[in-house]
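Here are the chains, one letter per residue:
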Amino acid sequence: MPQIAQLAEFWSSQVFWTLIFFGLTFFVIGRGMVPKVMGTVELRDNQIKDDLAAAQAARDAADQQEEAWRERENENRVAAQSLIADAKAKAAAANEKKLASAQKRLDTKLAEAETEIEAARVSAMAEIEGVAAEATQDIVARLSGEKVDKRTARAAVKKALTNA
Amino acid sequence: MAADQAKVDPMKQFQLEPLFGSENWKELAGFDIAFTNSAMWMAITVVLLWGFVFGGMKRELVPGRWQMAVESFTGFIDDMLEANVGKEGRKYVSYIFSLFMFILFANLLGLMPIGVLGLHPFTFTSHFTVTGVLAVLSFSIVLIVGFWKHGFKFFTLFVPHGTPVPMILPIALIEFFSFLIRPFSLALRLFVAMMAGHVLLKVLSSFVIDGLNAGAMTSIIVAIPSFALMIAISALEILVAGIQAYVFALLTSLYINDAEHLH
């Protein structure tokens, strides 16, 4: 076994060079380069963490804004609906008033027309009575040769007309 | 005989050889510090590991594949320390990462099939002198951190909570010895696992070569099944390379947890 057979001859060389080269590894690579590599990893981890946090914050802000927008939207809708209801109520009231006034106008017109008709009827009746009395005087004078005065003829006509 | 010449020595792969005429370097207070093939492969490991991690240092916000690979390794070590040590584990990431990647690259490089190019891969983690240094380093960190943070209260590590009073002494002794054995088990586990795998592969390869040389019949009975087994065991060794690096790093982080939190 050369490890033992050459021990006396080479142990110091082995120890020396191991210390030299492991020392180089430790100080140059372990102390010099590894912290930089790990620093890069840490940097990246931090960056990722920050980015995630920023994304989360952005999402929260967006959520908040959406919530605010929804609230505003709801308020607006409610306001719009009350506006519409108001307008509807106002229009209905105006309609009613207009209808009422129209009705009143119609009623008065109707009443006027009725009184006119009544008057016309009365005057027509009077004329008919007059005409009928004259006709009666005429008829009596022609048939019997007797003269009937106007008043008698009129009373007879009135009597006949009311009986008819 | 031809069979003798073709014989494969399964131990030769662990032989240390000074390179570049460095046999007589005695610069460090008279100690021999020859630049061996082992040191050479450590250098290759460091260079490749540096290249690997450097490729992951582009610091892009959206990582490419390479950066992703490097970051998954650092993340893996970070998670392991987070799970085993907790928040305090963060400051050991540099050390555990170096340890894990150094061992992992060494183990994997030793398995590279560059023998077909005439080169000889050398697995320096199959030498207990090397794994021993790493284990002693880990153990020293545990001792230093333990005594730094807890002073002499660190010795309460050897008395688990709820130990009945008469049992305190024997249990403390057992715990103390198991504590002292840690660096040895740490070093030996890696060294043995790596060596065993490589020896097994070499022995099987000698079966293939000798079987082929001995004729058609042995080729079918010995060489081909051995070759199939070699392929399977090579796959297993890649797994072992990762597992042993992981075990070394995991146990070190568990020991550091002891030092940080006692029991």
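About the thresholds
- Residues numbered from 1 in each chain as written.
- Chains lettered and ligands numbered in written order.
- Predicted model: local features only at pLDDT ≥ 70, side-chain atom pairs only at ≥ 80, totals over all residues.
- Heavy atoms only, no water.
- UniProt positions renumbered as here; feature names shortened; annotations may be inferred.
- Helix = DSSP H or I, 4+ residues; strand = E, 2+ residues; numbered from the N terminus.
- Buried < 20%, exposed > 50% of the residue type's maximum accessible area, 1.4 Å probe, protein only.
- Contact = heavy atoms within 4.5 Å.
- Buried area = accessible area lost by both parts, 1.4 Å probe.
- Salt bridge = Lys/Arg side-chain N within 4 Å of Asp/Glu carboxyl O.
- Polar contact = N/O pair within 3.5 Å; in protein donor to acceptor, adjacent residues only side chain to side chain.
- Nonpolar A, V, L, I, M, F, W, Y, C, P; charged D, E, K, R; others polar.
- Patch = residues over 30% accessible without salt bridge, like charges linked within 9 Å, V, L, I, M, F, W, Y side chains within 5 Å.
- Areas by Shrake-Rupley, 256 points an atom, 1.4 Å probe, with all protein chains shown as cover.
- Phe/Tyr/Trp six-rings, centres within 6.5 Å; stacked < 30°, edge-to-face > 60°.

- Under an unreviewed UniProt entry, chain B has the name ATP synthase subunit a and belongs to Erythrobacter crassostreae.
- UniProt, in its Sequence similarities (unreviewed entry) section for chain B, records the words "Belongs to the ATPase A chain family."
- Quoted verbatim from the Function (unreviewed entry) field of the UniProt record, the comment on chain B reads "Key component of the proton channel; it plays a direct role in the translocation of protons across the membrane."

- An unreviewed UniProt entry annotates chain A as ATP synthase subunit b originating from Erythrobacter crassostreae.
- As its UniProt record puts it under Sequence similarities (unreviewed entry), chain A is described as follows: "Belongs to the ATPase B chain family."

1. Quick word on the overall build of chain B
Part 1: Within chain B, the regular secondary structure consists of 7 helices and 0 strands.
Part 2: Here the C-alpha coordinates of chain B stretch approximately 70 × 55 × 45 Å along the principal axes.
Part 3: Split into buried and exposed, the 263 residues of chain B put 44% on the buried side.
Part 4: Sequence-distant contacts, at least 24 apart, represent 66% of the contacts inside chain B between residues at least 6 apart.

2. Section: the interface of chain A and chain B
Part 1: Each partner contributes residues to the interface: chain A has 38 residues there, and chain B has 51 residues.
Part 2: Both sides together, the interface formed by chain A and chain B hides about 4000 Å², and carbon and sulfur atoms give 75% of it.
Part 3: Broken down residue by residue, the surface that chain A buries against chain B is led by Gln3(A), Gln14(A) and Phe22(A), which jointly contribute 17%.
Part 4: Inspection of the region where chain A meets chain B yields 2 salt bridges.
Part 5: For Glu42(A), the salt bridge identified is with Arg90(B), shortest N-O distance 3.8 Å.
Part 6: Taken together, the links from chain A to chain B amount to 7 residue pairs in polar contact (both at pLDDT 80 or more).
Part 7: Among the elements of the structure, helix H1 (2-5) and helix H2 (7-144) of chain A are those that each provide at least two residues to the side of chain A that touches chain B.
Part 8: For the side of chain A that touches chain B, the residue count by class is 22 nonpolar, 11 polar and 5 charged.

3. A short note on a nonpolar patch on the surface
Part 1: Taken together, the side chains of Leu169(B), Leu173(B), Phe176(B), Phe177(B), Leu180(B), Ile181(B), Phe184(B), Leu188(B) and Val192(B) define a hydrophobic patch exposed on the protein surface, amounting to about 860 Å² of accessible area.
Part 2: If you trace the backbone, Leu173(B) turns up in helix H6 (residues 168-213).

4. Quick look at the packing of aromatic side chains
Part 1: Enumeration according to the criterion identifies 23 aromatic pairs over all chains in this entry.
Part 2: Where Phe26(A) meets Phe27(A), the ring centres are 5.0 Å apart and the plane angle is 65°; that geometry is what we call edge-to-face.
Part 3: These aromatic residues form a ring-pair network of at least three members: Phe139(B), Phe147(B), Phe152(B), Phe155(B), Phe158(B), Phe176(B), Phe177(B) and Phe179(B).

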